[in-house]
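Understanding the architecture of this molecule
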Amino acid sequence: MKIENINIPLMISGNLIENINLNDNYYRMRIEAPQIARKAKPGQFVMLSMWETKDPFLKRPFSFHNIEPDLGTFDILYKEIGKGTQIMVKSKVGDLVELIGPLGNGFMIPENTNNIAVVARGIGIATLMPLILESKKRGIAIYAFLSAQTGSLLLCSNEINSISEKVFYTTDDGSKGAKGIVTNFLENVLKEEVIDVVYVCGSKRLTKHIRNLQRKYNFLAFVSLEEHMACGIGACKGCVHKTKDGYKRVCKEGPIFPVEEVIFDD
Ligand SMILES: Cc1cc2nc3c(=O)[nH]c(=O)nc-3n(C[C@H](O)[C@H](O)[C@H](O)COP(=O)(O)OP(=O)(O)OC[C@H]3O[C@@H](n4cnc5c(N)ncnc54)[C@H](O)[C@@H]3O)c2cc1C
Ligand code: FES
């Protein structure tokens, strides 16, 4: 299945207009960059830097989390894990953000889709949230399957709860929902009804489970892959991932791929 690229990326500066701590090491940043906000689609991403240093040097990729084309803003939901995100955490309202985007192919929602399932592990919900909102706008029923280490890290759960048909949670410590694998709940739903499309982000393990379920229940499924990126625009081949048709650039042919095309070696 071919997924067309839908945008020519812009290289511009944006303004940081909000940067708040949500929980532990999870943050939400709001960036004003009208040209990008007007073109951005769910599942696409930006390459971003807020540093002019040699270390970190390269821009970092982040998905659009909430897109407000009319306000000219978009949000990034991010986890502090290394040098770049540490600088992001310390950034202040009014700081400039160097951006390249929108990048990547974005999610495809087939015509006549009645319902979808979204399966997110941890920060994976950052990428899936605009898809959830877009699906809601189109009157598509949403089944959400959310998984995290602990209950407080089930991000956006109130918002998702308020717009979804059903929400299922699992946490590693059992503090919210069940312990165990969230795709077991998906299988229970699939036994009862047809799900048109399943979207997954944030876990190879869950993606592999979805591939197994797909063989059994025959539905469309897409995964948003995350690879280390250097250029973000298809030039360096630093982000390739193995697929049935050879290696593909996650930044250019992806980051969204049909689940059945992706090969995980481990
Ligand atoms: C298309 C795409 C969309 C993304 N969207 C988001 C998002 O919405 N929110 C978010 O928090 N993160 C997202 N990421 C991941 C994000 O880009 C990385 O967390 C970020 O680049 C880390 O930068 P850093 O300088 O803080 O960490 P670094 O100092 O570069 O790395 C710190 C540690 O994290 C590891 N690491 C870095 N990047 C990745 C990665 N992509 N996968 C696995 N391990 C990694 C490194 O190996 C290292 O061990 C996305 C990645 C891609 C490819
Ligand atoms: S990051 Fe350079 S080709 Fe994808």
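Look up: the structure comes first, before these words.
Attention in this report is confined to the structure presented alongside it.

So, how was this worked out
Residues numbered from 1 in each chain as written. Chains lettered and ligands numbered in written order. Predicted model: local features only at pLDDT ≥ 70, side-chain atom pairs only at ≥ 80, totals over all residues. Heavy atoms only, no water. Phe/Tyr/Trp six-rings, centres within 6.5 Å; stacked < 30°, edge-to-face > 60°. Helix = DSSP H or I, 4+ residues; strand = E, 2+ residues; numbered from the N terminus. Buried < 20%, exposed > 50% of the residue type's maximum accessible area, 1.4 Å probe, protein only. Lys NZ or Arg CZ within 6 Å of the ring centre and 35° of its normal. Pairing = 2+ DSSP bridges. Right-handed = clockwise from strand over helix to strand, strands pointing away. Axes fitted to C-alpha atoms, helices over the stretch in contact; angles between N-to-C directions. Near = heavy atom within 4 Å. Polar contact = N/O pair within 3.5 Å; in protein donor to acceptor, adjacent residues only side chain to side chain. Areas by Shrake-Rupley, 256 points an atom, 1.4 Å probe, with all protein chains shown as cover. Contact = heavy atoms within 4.5 Å. Salt bridge = Lys/Arg side-chain N within 4 Å of Asp/Glu carboxyl O.

**Some details on the packing of aromatic side chains**
If you walk through the whole model with that rule in mind, you get seven aromatic pairs. Ring plane angle 85° and centroid distance 5.4 Å describe the contact between F107 and Y199, whose orientation is recorded as edge-to-face. Here F107, found in the loop between β7 (96-103) and β8 (115-121), pairs with Y199, found in strand β11 (residues 197-201); they are 92 residues apart in sequence, far enough to count as distant. Each of the two residues, F107 as well as Y199, counts as buried. Put simply, the rings of Y27, F62 and Y78 touch in pairs and so form one group of aromatic residues. Stacked on the ring of Y169, the Lys or Arg K176 has its end atom at 4.4 Å from the ring centre.

**So, the pairing of β8**
Within β8, six of the seven residues are buried, which leaves the element mostly enclosed by the surrounding structure. Across seven bridges, β8 lies against strand β9 (residues 141-148) in parallel orientation. The partner of V118 across the bridge, within β9, is A144. As a crossover connection, the stretch from β8 through helix α3 (residues 125-137) into β9 is right-handed.

**Regarding the sheet that holds β8**
One open sheet holds the six strands; their spatial order is β10-β9-β8-β11-β12-β15, and the pairing between them is mixed. With one partner strand each, in any of the chains shown, β10 (166-171) and β15 (256-258) form the two edges of the open sheet. Ignoring strand direction, the axes of neighbouring strands in this sheet form an average angle of 15°. One ladder, built from six bridges, connects β9 with β10; its direction is parallel. In the sheet register, F145 faces β10, and the bridge partner there is F168.

**What to know about the site of ligand 1**
Of all residues adjacent to ligand 1, which total 19 residues, the nearest are R60, P61, L77, G84 and T85. For ligand 1, an oxygen atom lies 2.6 Å from a polar atom in the backbone of P61. In the environment of ligand 1, an oxygen atom lies 2.5 Å from a nitrogen or oxygen atom belonging to the side chain of T85. Relative to its unbound accessible area of 890 Å², ligand 1 is 74% covered by the protein chains.

**Quick word on the side chain of H241**
When you line up the elements, H241 lands in strand β13 (residues 240-243). Looking at H241, the relative accessible area reads 7%, which means it is buried. For H241, the residues in contact, after removing those within four places along its chain, are L225, E227, G246, Y247, K248, V250, V262, I263 and F264.

**Some details on the pattern of salt bridges**
Throughout the structure, instances matching the rule amount to twelve salt bridges. Residues D172 and R121 are paired through a salt bridge, measuring 2.8 Å at the closest nitrogen-oxygen approach. Of this pair, D172 sits in the loop between β10 and α5 (183-192) while R121 sits in strand β8, placing them 51 residues apart in sequence. Judged by relative accessible area, D172 falls into the partly exposed class, the value being 43%.

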